[in-house]
Amino acid sequence: MPAFPGFVVFAMAFGAAAAQKGLSLGQTLGLSAFVYAGASQMVGLEVWQKVWSPTTILTIMTVTAVVNARMILLGATLQPWLKHEPTARSALNLFLVTEAGWLIGTRYYNEGGRNTGMLLGCGLTLWSLWLVSTLAGYFAGALVPEPRRFGLDLVMPIFFSVMLVPLWKGARPALPWLVAGVVSLIVHAALPGYGFIIAGALAGVVAGMLIE
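About the criteria used
- Position numbers for residues count from 1 along each chain, tracking the sequence in the order it is written.
- Residue-level local features of this predicted model are given only where pLDDT is at least 70; pairs of side-chain atoms are given and counted only at 80 or more, and the full residue set underlies all totals for whole chains, interfaces and linings.
- To obtain the side-chain values, all non-hydrogen atoms of the structure were included, while hydrogens and water were left out.
- Put simply, two rings from Phe, Tyr or Trp (the six-membered ring, in Trp's case) pair if the centres are within 6.5 Å, and we call them stacked under 30 degrees between planes, edge-to-face over 60, tilted for the rest.
- Each residue is placed in one exposure class: buried if its accessible area under a 1.4 Å probe, protein chains only, is under 20% of its type's maximum, exposed if it is over 50%, and partly exposed if it falls in between.
- Grouping into patches uses exposed residues only, defined as over 30% relative accessible area, and leaves out salt-bridged ones; the cut-off is 9 Å for like charges and 5 Å for nonpolar side chains (Val, Leu, Ile, Met, Phe, Trp, Tyr).
- Accessible surface area values rest on a Shrake-Rupley calculation with a 1.4 Å probe, where residue burial reflects the displayed protein chains alone.
- Each salt bridge in this description consists of a side-chain nitrogen of Lys or Arg and a carboxyl oxygen of Asp or Glu lying within 4 Å of one another.
- Numbering of helices and strands starts at the N terminus; helices are DSSP runs of H or I of at least 4 residues and strands are runs of E of at least 2.
- How far a helix is expected to stretch is found by multiplying one less than its residue total by 1.5 Å.
- The arc in question is the one spanned by the directions pointing from the helix axis to the C-beta atoms.
- Throughout, a contact is declared for two residues whenever any of their heavy atoms are within 4.5 Å.
- Residue types Ala, Val, Leu, Ile, Met, Phe, Trp, Tyr and Cys, when buried and joined through side-chain atoms within 4.5 Å, form a set referred to as a nonpolar core.
- Each axis is a line fitted through C-alpha atoms, and for a helix only the stretch in contact is used; angles between axes span 0 to 180 degrees, taken between their N-to-C directions.
- What sets the label is the angle itself: under 35 degrees gives roughly parallel, over 145 gives roughly antiparallel, 65 to 115 gives roughly perpendicular, and the rest give oblique.
- If you view the pair so one helix is near and one far, a crossing is left-handed when the near helix is turned anticlockwise from the far one by less than a right angle, and right-handed when it is turned clockwise.
- Amino acids outside the nonpolar list (Ala, Val, Leu, Ile, Met, Phe, Trp, Tyr, Cys, Pro) and the charged list (Asp, Glu, Lys, Arg) are all regarded as polar, and Gly is one of them.

Novice: Can you lay out the packing of aromatic side chains for me, pointing to particular residues and giving the numbers?
Specialist: Within this structure, the stated rule accounts for 8 aromatic pairs. Taken together, a centroid distance of 5.0 Å and an interplanar angle of 90° make the contact between W48 and W52 edge-to-face. Using a relative accessible area of 32% as the deciding quantity, one classes W52 as partly exposed. Ring plane angle 85° and centroid distance 5.7 Å describe the contact between Y138 and F139, whose orientation is recorded as edge-to-face. By the ring-pair criterion, three or more aromatic residues cluster together here, those being F7, F10, Y36, F95 and W130.

Take a look at the structure:
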């Protein structure tokens, strides 16, 4: 339940943004159901085209993969818990993993719990909430003809800025953030497209490795 407010706000923001972008209800719910990752869904909207080409498809696949790469680490930490599970059940659990579900699940595991049904139940609950909130946001967004007039285009930048605050550990650990941001801005100014996301992420990783 502590994860519910964040899920509701984020999913509704995505649903509203998708409606403003011109996506159909089926496309919007499909993204929430099968991509199921708020950050990459938002980035995907920026790349979304009415007419698709191999280049734009490759772009959205690459951007989604880069933004979701953090899930590789989350999945790896669950390996000791899921290694004896049937492959199909492990795949379902890993598909449903989010940061919130992972945090709840690992805490349960570290306290001695071993029932993977807890992880699955948590994942299904949050996934269902995500879909319902996306649906609500889609219809709410469709009712607002000019989102910029009400400042709705600022929802995501503000949301991500607030999410960064608890991650602050001091100036030195924040240097990779600075490097990633500066490189992203430079690449964005110099090159068209969304390569700035990948460039910024890689620059931040390299900076973090060098600092450590």
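Novice: Help me get a handle on a nonpolar patch on the surface, residues and values and all.
Specialist: Residues L175, L178, V182 and I186 make up a contiguous nonpolar surface patch of roughly 360 Å² in combined accessible area. Examined against the element boundaries, L178 turns out to sit in helix 10 (residues 175–190). Assessed through its relative accessible area of 53%, L178 is described here as exposed.

Novice: Lay out helix 11 (residues 195–211) with the relevant residues and their values.
Specialist: Along an α-helix, residues three or four apart share an orientation, since each turn contains 3.6 residues. For helix 11, spanning 17 residues, the distance from its first C-alpha to its last is 24 Å, which sits close to the expected 24 Å at 1.5 Å a residue. Looking only at helix 11, the buried set comprises F196, I197, G200, A203, G204, A207 and G208. All buried residues of helix 11 fall inside an arc of 135° around its axis, so they share one side. Those residues of helix 11 that are exposed and angled more than 90 degrees off the buried face are L202, M209 and L210. Its buried side turned inward, helix 11 meets helix 3 (38–47), helix 4 (54–67) and helix 10.

Novice: Give a detailed account of the nonpolar core, specifying residues and quantitative values.
Specialist: F7, F14, L23, M42, L45, L126 and W130 are the most contacted members of the largest nonpolar core, which totals 19 residues. Among the secondary structure elements, those contributing two or more residues to this core are helix 1 (4–21), helix 3 and helix 8 (116–142). For this core, the element with the most residues is helix 1, which contributes 6 residues. If we skip the residues at most four places from it in the chain, L45 touches F14, A17, A18, K21 and L23. One finds A39, V43, V63 and V67 within the second-largest nonpolar core, a separate group that totals 7 residues.

Novice: Quick one: what's the story with the pattern of salt bridges, residue by residue and with numbers?
Specialist: In the structure shown here, the tally under the stated rule is 2 salt bridges. For E85, the salt bridge is made with R89, and the minimal N-O distance between the two is 2.9 Å. The exposure class of R89 is partly exposed, given its relative accessible area of 42%. Between E111 and R107 there is a salt bridge, with the nearest N and O atoms lying 3.4 Å from each other. Accessibility assignment for this pair places E111 and R107 in one class, exposed.

Novice: Break down the packing of helix 6 (residues 87–95) against helix 8 for me, citing the residues and quoting the values.
Specialist: Between helix 6 and helix 8, the least distance of the axes is 9 Å, while the angle of their chain directions is 45°. Comparing their axes, helix 8 and helix 6 come out oblique. The interaxial crossing formed by helix 6 with helix 8 has left-handed handedness. When helix 6 is examined against helix 8, the residues R89, L92, N93 and F95 are found in contact with a partner set consisting of T116, L119, L120 and W127. Classifying every residue of the contact of helix 6 with helix 8 by side-chain character gives 5 nonpolar, 2 polar and 1 charged.

Novice: An account of the packing of helix 1 against helix 3 is requested, with residue identities and associated values reported.
Specialist: At a closest axis distance of 10 Å, the pairing of helix 1 and helix 3 adopts a crossing angle of 10°. It follows that helix 1 is roughly parallel to helix 3 by the angle criterion. Considering the relative orientation of helix 1 and helix 3, their crossing is left-handed. Residues F10, A13, F14, A17, A18 and K21 of helix 1 touch helix 3, and the partners they reach there are G38, A39, Q41, M42, L45 and E46. Among the residues forming the contact of helix 1 with helix 3, the class breakdown is 8 nonpolar, 2 polar and 2 charged.

On their own, these measurements won't tell you what the molecule is for.
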